[in-house]
Amino acid sequence: MIGGILTSLGFVFSAFAGSLLHLYLCLGVLAGSGWALAFAPALGTLSRYFSRRRVLAVGLALTGNGASSLLLAPALQLLLDTFGWRGALLLLGAITLHLTPCGALLRPLELPGDPLAPPRGPLAALGLGLFTRRAFLVFALGTALVGGGYFVPYVHLAPHALDRGLGGYRAALVVAVAAMADAGARLVCGWLADRGWVPLPRLLVVFGALTGLGLLAVGLVPVVGSEEGWGGSLLAMAGVYGLGAGSYAPLVFGVLPGLVGIGGVVQATGLVMMLMSLGGLLGPPLSGFLRDETGDFTASFLMCGSLVLSGSFIYMGLPGALPSCSPAAHPATPPPEKGELLPVPQVALLSPGGPHSTLDTTC
C-alpha cells in the first residue's frame, strides 16, 4: 500500500518538475522506491499463497510485464499527443494509485516454517543472512550476472532494429514479437515447472542459456537490405529471446521457497530484485558505451548474451552447492518447491494433498 502511494506521488510530483534533477528525484528515487515496495511484497506474498502451482501463479502475475509492453506503449503515446508529458504523468500517477487498494487485498498468511519472532537487527530484517547459505550465494551470483544482460533489450532492441535497416513500424514489430513470446512463455513455463518433470535448477539453466543464445543471435543478425524489408531473421531471433526471457522470469522467483524456506521467501524476493536491478543498472549504460565505440549494437548484444550465459552456467552449481542432507520421511507426493533444492533449516511445507504440514528434510 505504501509503495502504491509513493509511486503515485513520484509521477504526480514529476509532472511539476522544473529541471532534470527534479525528474531524477521524483521518478528515479520516489517512484522507484514505490515500485520496489509494491513489487517485492506482492510477489513474495503470492509465493506464500500457493504450493502445488506456485510457479504457474508467479508466471501469471508476471505476464503483466509482457502485456504492458504491448498495451502501454501506444497508450502512452496517445496520452503524450493528447495531454502532453505533464498531463501524461498526472494520469499515470492516478493509475498507479490503484496499487494501494490492490495491496490492501493481499491477506498475510501464517504458515508452518515462519519465524516465531520478528528478526532482530537491520541485517536480519533485510535478510542479508541468507547470503551465508552457499546455495543462495551461488544463486545470487548467477542472478546478478543474468541481470547485467537481461534488461538490455528493453532499452536497445528497437534502436538495434533501426540500425539493422528496419523502418520505425517494423522496428516496433520486433519489440512486439519479443513481448508476445515473453508473455506466452511465462504461462507455459509456469505450467511446465509445476509438473515436476524437470528440477527447477535444470530449468533455470536451460531457459537462462536459451535467453543468452537468443541475445547472441539478435546481435549477429545481418543488415536488412532496405527499410521496406520485414527483417524475418531479426523477428525470429527476437522471438527466441522472448521465449527464453519469459520462461526464465517465473523460475527465478519460483525457485526461492526451495532455497530459503517459505518463511524467508519475501526477503529473498527483495534480494533477488536488488541483484537484478544492480545488473540492470550496469548493463544498458555499458551497452550504450559499446554502441558509441563500435557504431552498432553487435558488441552490445554479444556482451549481454555472454553475461546471461555466464549466469546460467553458474546455476549449474546449485544442487552441488548445498550441504549434504539425509532425507527424513518423504511425503507420498513431494512438494513441488522442493525439487533438488533442500533448505538449510528444518522447515515445514504445505503438503499438496491438504492443509496438513509435512516436515521437510533435516540437514
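Residues numbered from 1 in each chain as written. Predicted model: local features only at pLDDT ≥ 70, side-chain atom pairs only at ≥ 80, totals over all residues. Heavy atoms only, no water.

## Focus on the overall build of the chain
Where we set the bar: Helix and strand assignments come from DSSP, with helices taken as H or I runs of at least 4 residues and strands as E runs of at least 2, each series counted from the N terminus. Buried, partly exposed and exposed residues are distinguished by accessible area as a fraction of the type maximum, computed with a 1.4 Å probe on protein chains only: under 20%, between the cut-offs, and over 50%, respectively. The contact rule is simple, with two residues in contact once any of their heavy atoms fall within 4.5 Å. Note on areas: Shrake-Rupley with a 1.4 Å probe; residue coverage comes only from the protein chains shown.
Helix and strand content of the chain: 14 helices and 2 strands. For the chain, buried positions account for 45% of its 363 residues. In the chain, of all internal contacts separated by at least 6 residues, the share reaching a separation of at least 24 is 76%. Within the structure as shown, the chain displays about 17200 Å² of accessible surface, and the carbon and sulfur contribution to it stands at 72%.

## Observations regarding the packing of aromatic side chains
What counts here: The pairing test for Phe, Tyr and Trp rings, Trp by its six-membered ring, is centres within 6.5 Å, and the orientation test on the planes gives stacked under 30 degrees, edge-to-face over 60, and tilted for anything in between.
According to the stated counting rule, one finds 9 aromatic pairs in the structure shown. Ring plane angle 80 degrees and centroid distance 5.3 Å describe the contact between Tyr150 and Phe151, whose orientation is recorded as edge-to-face. Owing to a relative accessible area of 4%, Tyr150 belongs among the buried residues under this scheme. Note on Phe151: relative accessible area 28%, which makes it partly exposed. Seen in terms of ring centroids, Tyr150 and Tyr154 are 6.3 Å apart; in terms of plane orientation they differ by 35 degrees. Their pairing is tilted.

## Description of the pattern of salt bridges
Note the threshold: Each reported salt bridge corresponds to a side-chain nitrogen of Lys or Arg within 4 Å of a carboxyl oxygen of Asp or Glu.
Under the counting rule described, the total for this entry stands at 2 salt bridges. Two residues, Arg291 and Asp163, come together in a salt bridge whose shortest N-O distance is 2.9 Å. You can see Arg291 sitting in helix α12 (residues 265-294) and its partner Asp163 sitting in helix α7 (residues 152-163), a full 128 residues away along the chain. By relative accessible area, which is 24% here, Arg291 ends up partly exposed.

## Structural notes on helix α1 (residues 2-14)
The test is simple: Multiplying 1.5 Å by the residue count of a helix minus one yields the expected span of that helix. Here the arc refers to the directions that run from the helix axis out to each C-beta atom.
In this model, α1 (13 residues) spans 18 Å end to end at C-alpha, consistent with the 18 Å of a helix rising 1.5 Å per residue. Taken residue by residue, α1 has Gly3, Gly4, Thr7, Ser8, Gly10, Phe11 and Ser14 as its buried positions. Buried residues along α1 cover an arc of 155 degrees about the axis, so they all sit on one side.

## Section: the nonpolar core
Side chains that are nonpolar tend, in soluble globular proteins, to be buried together. Convention followed: Nine residue types can take part in a nonpolar core, namely buried Ala, Val, Leu, Ile, Met, Phe, Trp, Tyr and Cys, and a core is a set of them joined through side-chain atoms within 4.5 Å.
Counting residues in hydrophobic clusters, the biggest one holds 59 residues, and the most contacted among them are Phe139, Leu251, Phe253, Leu256 and Tyr315. Setting aside its immediate chain neighbours within four residues, Tyr315 contacts Phe139, Gly142, Thr143, Val146, Leu204, Val205, Tyr248 and Val252.

## A closer look at the packing of helix α6 (residues 134-150) against α7
Spelled out, the test is: Note on method: axes are straight lines fitted to C-alpha atoms, helices fitted across the in-contact stretch only, with angles between N-to-C directions ranging 0 to 180 degrees. We call two directions roughly parallel when the angle between them is under 35 degrees, roughly antiparallel when it is over 145, roughly perpendicular when it lies between 65 and 115, and oblique otherwise. Polar here means any residue other than Ala, Val, Leu, Ile, Met, Phe, Trp, Tyr, Cys and Pro, which are nonpolar, and Asp, Glu, Lys and Arg, which are charged; Gly is therefore polar.
As a packed pair, α6 and α7 sit with axes 7 Å apart at the nearest point and diverge in direction by 25 degrees. As judged from the angle between their axes, α6 and α7 are roughly parallel. Between α6, through Gly148, Gly149 and Tyr150, and α7, the contact on the second element is made entirely by Val152, Pro153 and Tyr154. Among the residues forming the contact of α6 with α7, the class breakdown is 4 nonpolar, 2 polar and no charged.

That is the geometry; function is a separate question.
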